[in-house]
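Here's the letter readout for the chains.
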Amino acid sequence: EKSFSCLFATIDWERKIRPLLLTNIIPFKVAETGKSTLLPSAPAKKKVYLAEDNLDILFCLNVMLEKAGYDVTLSHRATPLMEETLPPTDLFILDKCLPDGDGLDVFRKLRSHEETMNTPVIMISAGSNFDSHVRNAGIDGFLEKPFGMQDFLQLVSKYANNF
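Quantities reported herein were computed from a predicted structural model and do not represent experimental measurements. (Residues numbered from 1 in each chain as written. Predicted model: local features only at pLDDT ≥ 70, side-chain atom pairs only at ≥ 80, totals over all residues. Heavy atoms only, no water.)

Asks: Please clarify how a nonpolar patch on the surface should be interpreted in this entry.
Replies: A grouping of Leu55, Phe59 and Leu74 is seen on the molecular surface, where their side chains present a nonpolar patch of about 260 Å² in accessible area. Structurally, leucine 74 can be placed in strand E2 (residues 71-75). (Patch = residues over 30% accessible without salt bridge, like charges linked within 9 Å, V, L, I, M, F, W, Y side chains within 5 Å. Areas by Shrake-Rupley, 256 points an atom, 1.4 Å probe, with all protein chains shown as cover. Salt bridge = Lys/Arg side-chain N within 4 Å of Asp/Glu carboxyl O. Helix = DSSP H or I, 4+ residues; strand = E, 2+ residues; numbered from the N terminus.)

Asks: What should I look at first to understand the side chain of serine 75 in this one?
Replies: Within the secondary structure, serine 75 is located in strand E2. Classification of serine 75 as buried rests on a relative accessible area of 8%. In terms of polar contacts, serine 75 uses its side chain to reach the backbone carbonyl oxygen of arginine 77, at 2.8 Å. Not counting the four nearest positions on each side in its chain, serine 75 is found in contact with Tyr49, Leu50, Ala51, Glu52, Leu58 and Pro80. (Buried < 20%, exposed > 50% of the residue type's maximum accessible area, 1.4 Å probe, protein only. Polar contact = N/O pair within 3.5 Å; in protein donor to acceptor, adjacent residues only side chain to side chain. Contact = heavy atoms within 4.5 Å.)

Asks: Any chance you could explain the pairing of strand E7 (residues 141-144) here in plain terms?
Replies: Of the two faces of E7, only one is covered, namely that formed by Gly141 and Leu143; the face formed by Phe142 and Glu144 stays uncovered. Two elements, strand E6 (residues 121-125) and E7, share 4 bridges in a ladder whose sense is parallel. Residue pairing for E7: serine 125 is matched across the bridge by glutamate 144. (Pairing = 2+ DSSP bridges.)

Asks: Sorry, what's going on with the packing of aromatic side chains here?
Replies: The geometry of two aromatic rings is summed up by the distance between their centres and the angle between their planes. Taken as a whole, this structure holds 2 aromatic pairs when the rule is applied. Ring centres 5.5 Å apart and planes at 20 degrees place the aromatic pair phenylalanine 147 and phenylalanine 152 in the stacked group. When sorted by exposure, phenylalanine 147 lands in the same class as phenylalanine 152, which is buried. (Phe/Tyr/Trp six-rings, centres within 6.5 Å; stacked < 30°, edge-to-face > 60°.)

Asks: Looking at this structure, I do not really get unusual backbone geometry. What am I missing?
Replies: Excluding glycine, most residues fall at negative phi; most peptide bonds, likewise, are trans. The omega torsion across lysine 145 and proline 146 is -5 degrees, close enough to zero to call that bond cis. Tracing the backbone through its elements, the reader meets proline 146 in the loop between E7 and helix H6 (149-161).

Asks: Help me understand the packing of helix H2 (residues 55-67) against H6 in this model?
Replies: A packed helix pair is summarised by two numbers, namely the angle formed by the two axes and the spacing between the axes. Contact geometry of H2 with H6 gives a least axis separation of 11 Å together with a crossing angle of 60 degrees. Considering their axes alone, H2 and H6 lie oblique with respect to each other. Relative to H6, H2 is oriented so that their crossing is right-handed. Where H2 approaches H6, its residues Leu61, Met64 and Leu65 are matched on the opposing element by Met149, Phe152, Leu153 and Val156. (Axes fitted to C-alpha atoms, helices over the stretch in contact; angles between N-to-C directions. Parallel < 35°, antiparallel > 145°, perpendicular 65-115°, else oblique. Left-handed = near helix turned anticlockwise from the far one by under 90°.)

Below, the structure is given as structure tokens:
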């Protein structure tokens, strides 16, 4: 029997890895090492909250962001963003049109709370007159669909890393 080991941050293990293994009935064994699973020298990942109604686009952007080193929280609806309690976030990326709300309404809600009022927001949309509505609302950055992945990652880096 071959054996290998992987070291996961506790939060990654609990939120993503363990549930994935259990859901797919993949056998695993947890070994006690006596060491912390958090690496003190590793820089903290920037946290991005991504809300996009198109699941194909949502998953594609998620993969790109995770490969670029971001910790991503996903939603395909506005409702979770309108709740009082949100996870600590360095950047919000909002689709303008979500199935249960408008991205600009979500933006206004984020700006009205002390915890998120200074967190940068990028809006993405395929709608016409997008630029003028977004500029007037005070959104930090915006991209009109379709957009290039390099443009997307550059904008994310600009706002996630400079604040």
